[in-house]
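Observations on chain architecture
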Amino acid sequence: MRSDDMKPITLDLFADAEVQQPATSQQIGEQSFVLRGFALPWLDRLLPALETVLRAAPFRQMITPGGFTMSVGLSSCGALGWTTDRSGYRYTPTDPQTARPWPAMPVVFLELAQAAALAAGFSDFMPDSCLINRYVPGAKMSLHQDKDERDYSAPIVSVSLGLPAVFLFGGHQRSEKSQRVPLFHGDIVVWSGVDRLRYHGILPLKDGQHSQLGAQRINFTFRTAG
Ligand code: MD6
Ligand code: FE
């Protein structure tokens, strides 16, 4: 736990909300950071691009190999998309629901992911997949490891939009105690290296209304999967 490492990287008390810059970077692990508000200046470009992606690949609730229906709605964009069904988890080049390639990753998605990775100290991040999760109140993500990617040396960049959530950031064993990290609209988590395979999850989303996104939380996770 390194929450005492919260430190200002920019400080402009008079910044217009429209051009708001990230106020703080909070270290949550040896190689993991929360960039508070980092995505806010990108929203005007991000949200229309998200709508385009979702028209081509709408959110769907997937079935886990164990036979449970996930409470979170999922979509993907980029060369590879993440899917799960009774036969397992995997990345695929086509959306099994439409039998078409996943929608291309919008340029603004890639630019934001690379800017966030760089701000956390990782240059040359080249994601080929963006998994998009939609949480409605009550939806959650159980503790899991992200281990379907081919190469664990690249970071994962995770963008939170809409309603706030509590991110559980655990250890390398499911039984280890988790930190609880609140994530708000516009926050980005970048994690890598020794933290890359830590267990993590999202507590059931609390009821609420977000002024821009309504009663939901949207999360993007950018990965180098293939
Ligand atoms: C979420 N995120 O924030 C779920 N995985 O809705 C994840 O499962 C996740 O945030 C890997 C890296 C960052 C993440
Ligand atoms: Fe994950």
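Residues numbered from 1 in each chain as written. Chains lettered and ligands numbered in written order. Predicted model: local features only at pLDDT ≥ 70, side-chain atom pairs only at ≥ 80, totals over all residues. Heavy atoms only, no water.

1. A look at the site of ligand 1
Rule in force here: Any residue with at least one heavy atom within 4 Å of a molecule or strand is counted as near it. N or O atoms closer than or at 3.5 Å make up a polar contact, with two conditions inside protein: a donor-capable atom paired with an acceptor-capable one, and, for residues adjacent in sequence, both atoms drawn from side chains. Values of accessible area rely on a 1.4 Å probe in the Shrake-Rupley scheme; residue burial ignores everything except the protein chains shown.
The local shell around ligand 1 holds 13 residues, among which Tyr135, Ser158, Trp191, His200 and Arg217 are the closest. Between ligand 1 and aspartate 146, the relevant distance is 2.9 Å, taken from a nitrogen atom to a side-chain nitrogen or oxygen of the residue. Measuring from an oxygen atom of ligand 1, one finds a side-chain N or O atom of asparagine 219 at 3.2 Å. Considering ligand 1 on its own, with 340 Å² of exposed area, one finds that the protein chains cover 99% of that surface.

2. Observations regarding the sheet that holds strand β13 (residues 165–169)
The condition is simple: We treat two strands as partners when DSSP finds at least two bridges between them. Going along the chain from the N terminus, every DSSP run of H or I of four or more residues is numbered as a helix, and every run of E of two or more is numbered as a strand. The axes are straight lines fitted to the C-alpha atoms, using for helices just the contacting stretch, and the angles between their N-to-C directions are given from 0 to 180°.
If you walk across this open sheet you meet the four strands as β11-β16-β13-β14, and the pairing is antiparallel. Strands at the two margins of the open sheet, each flanked by one partner only, are β11 (141–144) and β14 (179–183). Neighbouring strand axes in the sheet, compared pairwise and without regard to direction, differ in orientation by 20° on average. Pairing between β13 and strand β16 (residues 200–202): three bridges, direction antiparallel. Directly across from leucine 168, in β16, lies its bridge partner glycine 201.

3. A closer look at the UniProt feature "binding site: Fe cation" (unreviewed entry) in the protein
Put simply, the rule is: UniProt positions are given in the numbering used here, feature names are shortened, and annotations may be inferred rather than shown by experiment. Lining residues are those with an atom within 4 Å of a point, where the points come from a 1 Å grid over the protein atoms alone and group into cavities, where a 1.4 Å probe fits but cannot get out, or pockets, open sets with protein on both sides within 12 Å along at least five of seven lines. We call two residues in contact whenever any of their non-hydrogen atoms come within 4.5 Å of each other.
UniProt marks His144, Asp146 and His200 with the feature "binding site: Fe cation" (unreviewed entry), using the numbering shown here. On the basis of their most widely separated C-alpha atoms, the annotated residues across 57 residues gather in one place, lying no more than 8.7 Å apart. Set against the largest pocket, the annotated residues that line it come down to His144, Asp146 and His200. By secondary structure assignment, the location of aspartate 146 is in the loop between β11 and β12 (156–162). For aspartate 146, the contacting residues outside a window of four places in its chain are Tyr152, Ile156, Arg196, Leu197, His200 and Arg223. A polar atom in the side chain of aspartate 146 sits 2.9 Å from the side chain of histidine 144. Mapped onto the elements, histidine 200 comes out in strand β16. Within polar-contact distance, the side chain of histidine 200 engages the side chain of aspartate 146 at 3.0 Å.

4. Points about the coordination of the iron ion (ligand 2)
Worth spelling out the cut-off: Here the coordinating atoms are restricted to nitrogen, oxygen and sulfur within 2.8 Å of the metal centre, or 3.2 Å for Na, K and Ca, and because water is not among them the sites may look incomplete. Burial classification: accessible surface area is computed with a 1.4 Å probe over protein chains only, and a residue below 20% of its type maximum counts as buried, one above 50% as exposed, and the rest as partly exposed.
Only His144 (NE2), Asp146 (OD) and His200 (NE2) from the protein reach the iron ion (ligand 2) as donors, at distances of 2.1 to 2.2 Å. Mapping the donors of the iron ion (ligand 2) onto the primary sequence yields the spacing H-x1-D-x53-H. Of the two residues, histidine 144 sits in strand β11 while histidine 200 sits in strand β16, which places them 56 residues apart along the sequence. According to the relative accessible area criterion, histidine 144 is partly exposed, its value standing at 23%. Judged by its relative accessible area of 5%, histidine 200 falls in the buried class.

5. Comments concerning the pairing of strand β2 (residues 24–29)
Most of β2 sits out of view: six of its six residues are buried. Across four bridges, the pairing between β2 and strand β3 (residues 32–35) is antiparallel. Its bridge partner lying in β3, glutamine 27 is registered against phenylalanine 33. Taken together, β2 and the strand that follows it, β3, pair antiparallel across an intervening segment of two residues.

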